[in-house]
Amino acid sequence: MTLKTQLIAAIGEAAVSEDPALRSVMGNDVYRSGGIPALIVRPESVEALQAAVRVCAAAGVAMVPRGGGASYTDGYLFDAGGHVLFDTGALDSIEIDAENAVVTVGAGATWAKLKDALAAHGLRTPFWGPFSGLAATVGGAVSQNTVSHGSGAYGISAQSVLSLDVVLASGELLKTGASTATRYYGPDLTGLFTGDCGALGIKTTIRLPLIAIREAFEAVSFAFDDFAACHAAVSHAQREGLDDSHFGLDLSLSQGQIGRQEGTSAKLKIARELFAAAPNAFAGVKQLVRMALAGNTAMQAGAYMCHFIVEGVDASDAAARANRLRAVVAPHGREIANSVPSFVRSLPFAPLTNILGPSGERWVPIHGVLPQRQVVAFHEALMALYASRKVEMDRLGIWSGTMFSPASASGFLYEVALYWPDDRTDYHRHTLAPAHIASLKTFDDNAEARAYTHQLKADIIALYQAYGAAHFQIGRAYPYRDRLDPHASALLDTIKAALDPKGLMNPGVLGLGG
């Protein structure tokens, strides 16, 4: 029997696909193309996933898990090809236990689906998703580690996990939590599987704590004339821990990727949301007037801009927190109209249109979480690197932008975005609406610009490493093993060998096998 026949016998024909078009899409991520999977398996239940994994294990076939597909670090790309790719999207159940303040969610559920389900109960998770939450799944975020909504107050995705269930390379189901009351009951076994990029198994179920939604909020924005002033303000704000979330942009990203999203329909939705959240009609009108008067100036107010969303138990609490934040940040910059964070508060999960640049260019982000004392020095070194490459970047049409987010009080997430003119992949054509693609400029295949961008990406990662950066979404793009203490590296090898002795589970991620 062929592998396909065995899998169909185990889990049914509908869950197994050999479709060439689908396999081509699944052989790409946001950034690049990898090897083409032999088969796509989409289990409808945990039991079906276990059965499929057992078949693959017996056949000695590499297994690669995929969540929402928004990765750009080769997290689910396997260059050798011929593997079985597990699409976890059908494992999307949500069970809310409001009395115990716990939600049990399938790994394939999107953050947007989880948010809507919890909102009906007046609840949320502490970390509640990345900007790509319309597509990004809970399992993918936990496997990769990520930041965004809720990170200012509650940290990264991994910090909001109580426990999880994982199907190992043998097909056995491992449960990490001995209690639903707390994650920290003896050694933190749950932590082993957060940020593992699927190297240790395929996540099926995640349990997250619940907190009450705070409807009262204030949005605050500041502009800065240089990066050093911006960093001084933001690092101080991180130590205060006043905001639920914040994010910063340089001028190029503010005008491009963010600016192009504020269409008429979005602004109407913002108006509705602001009136719903405002303590009274006068406050809502006042905010809308500020936004209207600002026009696009809030996206052009400085070389760098940072936008904060501050929540409170009521309007006075939110205002007090926002005023303290202003006192901390104001010495380093100037307050500007808050249309951008108001937009994000209203539409926290944006469509994946940003997987292409504002004119349709190809796009890849690169990030590092830097120690605070290294941030400005890294920035200056990066600017020097760009200056040394300016002639070739200009010739090839390659440009860059910068975004930053909170990782913790001690860590500053500095994200570079590179753009270059190039043809789209099957991933882009499958993910984006035809009308959106038609609205963008078309580029021919551009192997030279693509190769130069790839080398520039590698050089920027090396620069991050020189300044002591850590990384989320490690995949196959960022170094990990070389950064570990020899004893820690040996321990990781031992864990991998115990859980996946044949090295079949997502080989190559984290530098483990493959």
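A brief report on the enclosed structure follows. Residue numbering note: each chain is counted from 1, following its sequence as written. Totals for whole chains, interfaces and linings use all residues, but because this is a predicted model, local features are given only for residues with pLDDT of at least 70 and pairs of side-chain atoms are given and counted only at 80 or more. The side-chain numbers reported here are obtained from all heavy atoms of the structure, hydrogens and water having been left aside.

### What to know about the overall build of the chain
Numbering of helices and strands runs from the N terminus; a helix is a DSSP stretch of H or I covering at least four residues, while a strand is a stretch of E covering at least two. A tally of regular secondary structure across the chain gives 18 helices and 18 strands. To get the radius of gyration, use the C-alpha atoms; to get the globule rule, take the number of residues to the power 0.38 and multiply by 2.2 Å. Here the chain has a C-alpha radius of gyration of 23 Å; the compact-globule value for 514 residues is 24 Å, and the two agree. Its C-alpha atoms give the chain principal-axis dimensions of roughly 70 × 60 × 50 Å. Here's how the labels work: a residue is buried when its accessible area is under 20% of the maximum for its type, exposed when over 50%, partly exposed in between, all with a 1.4 Å probe on protein chains only. Evaluated residue by residue, the chain yields a buried proportion of 57% over its 514 residues. The contact criterion used is simple: two residues touch if any of their non-hydrogen atoms lie within 4.5 Å. In the chain, of all internal contacts separated by at least 6 residues, the share reaching a separation of at least 24 is 76%. All accessible-area figures derive from a Shrake-Rupley calculation using a 1.4 Å probe, and residue coverage is judged against the displayed protein chains alone. Of the roughly 20,200 Å² that the chain leaves accessible, carbon and sulfur atoms contribute 56%. Mean positive and mean negative side-chain charge positions of the chain (41 and 48 charges, respectively) differ by 2 Å. Just so you know, the count uses Lys and Arg for positive and Asp and Glu for negative, and it drops His and the chain ends. Positions of charges follow a simple convention, taking NZ of Lys, CZ of Arg, CG of Asp or CD of Glu.

### Looking at the environment of Asp19
Turning to its location among the elements, Asp19 is positioned in the loop between β1 (16-17) and α2 (20-26). Sequence separation of Asp19 and Ala38 is 19 residues, and the distance between their C-alpha atoms is 9.5 Å. Each polar contact in these results corresponds to two N or O atoms within 3.5 Å; when the atoms are within protein, one needs to be able to donate a hydrogen and the other to accept it, and residues that are neighboring in sequence are counted only if both atoms are side-chain atoms. There is a polar contact of 2.9 Å between the side chain of Asp19 and the backbone nitrogen of Leu22.

### Here's the deal with the packing of helix α14 (residues 375-396) against helix α17 (residues 447-466)
Lines fitted to C-alpha atoms define the axes here, with helix axes fitted over just the stretch in contact, and angles between the N-to-C directions of these axes take values from 0 to 180 degrees. α17 packs onto α14 with a crossing angle of 170° between their chain directions and a minimal axis gap of 11 Å. Considered as vectors, α14 and α17 are oriented roughly antiparallel to each other. Between α14, through Phe378, Ala381, Leu382, Leu385, Tyr386, Arg389, Glu392, Met393, Arg395 and Leu396, and α17, the contact on the second element is made entirely by Glu448, Ala449, Tyr452, Leu456, Asp459, Ile460, Leu463 and Tyr464. When grouped by side-chain class, the residues that make up the contact of α14 with α17 number 13 nonpolar, no polar and five charged. Between 65 and 115 degrees an angle is taken as roughly perpendicular, under 35 as roughly parallel, over 145 as roughly antiparallel, and anywhere else as oblique. Each residue receives one of three labels: charged for Asp, Glu, Lys and Arg, nonpolar for Ala, Val, Leu, Ile, Met, Phe, Trp, Tyr, Cys and Pro, and polar for the others, Gly being one of them.

### Some words on the pattern of salt bridges
Salt bridge criterion: a side-chain nitrogen from Lys or Arg within 4 Å of a carboxyl oxygen from Asp or Glu. The tally for this structure, following the rule as stated, stands at 29 salt bridges. Across the pair Asp74 and Arg32 runs a salt bridge whose closest N-O atoms are separated by 2.9 Å. Of the two residues, Asp74 is situated in the loop between β3 (63-66) and β4 (84-87) and Arg32 in the loop between α2 and β2 (39-41); the sequence distance between them amounts to 42 residues. Assessed through its relative accessible area of 9%, Asp74 is described here as buried. Residues Arg321 and Asp317 are paired through a salt bridge, measuring 3.4 Å at the closest nitrogen-oxygen approach.

### Concerning α14
Bend angle per residue: angle between axes fitted to the 7 residues ending at that residue and the 7 residues starting there. Of all the bends in α14, the greatest measures close to 65° and is centred on Lys390. Among all positions of α14, only Val375, Phe378, His379, Ala381, Leu382, Leu385, Tyr386, Met393 and Leu396 are buried. Summarising the contacts, the buried residues of α14 are in contact with α8 (227-240), β14 (304-312), β16 (362-371), β17 (399-406), β18 (411-420) and α17.

### Looking at empty space enclosed by the protein
Lining residues are those with an atom within 4 Å of a point, where the points come from a 1 Å grid over the protein atoms alone and group into cavities, where a 1.4 Å probe fits but cannot get out, or pockets, open sets with protein on both sides within 12 Å along at least five of seven lines. Grid points are joined across faces, edges and corners, and a volume is the space filled by probe spheres set on the points. This model, assessed by the stated rule, comprises three cavities of 30 Å³ or more. As a volume, the largest cavity reaches approximately 50 Å³. Forming the boundary of the largest cavity are Trp128, His149, Asp244, Ser245, Ile309, Glu311, Val344, Arg345 and Pro348. Elements that contribute at least two residues to the lining of the largest cavity include exactly β14 and α13 (339-346). Here the residues of the lining of the largest cavity sort into four nonpolar, two polar and three charged.

### Quick look at the sheet that holds β3
One requirement defines pairing of two strands: DSSP has to find at least two bridges between them. If you trace the four strands from one edge of the open sheet to the other, you get β1-β2-β4-β3, paired in mixed fashion. On the outer flanks of this sheet lie β1 and β3, each paired with one strand and no other. Note that β3 and β4 share four bridges and pair parallel. Bridge pairing links Arg66 to Asp87 in β4.

### Examining the nonpolar core
Among buried residues, the Ala, Val, Leu, Ile, Met, Phe, Trp, Tyr and Cys ones that are joined through side-chain atoms within 4.5 Å form a nonpolar core. Judged by nonpolar contacts, the single largest core of 85 residues is most densely connected at Val329, Leu382, Tyr414, Val416, Ile460 and Tyr464. It is α14 that provides the largest number of residues to this core, a total of eight residues. By size, the runner-up hydrophobic cluster in this structure holds 27 residues, among which are Val105, Ala109, Leu200 and Phe349.

### Describing the pairing of strand β5 (residues 94-97)
Direction of pairing for β5 relative to strand β6 (residues 102-106): antiparallel, over a ladder of four bridges. Each bridged residue has a counterpart across the sheet, and for Asp97 the counterpart in β6 is Val102. In this antiparallel pair of consecutive strands, β5 and β6, the connection spans four residues, and Ala101 shows a positive phi of 55°.

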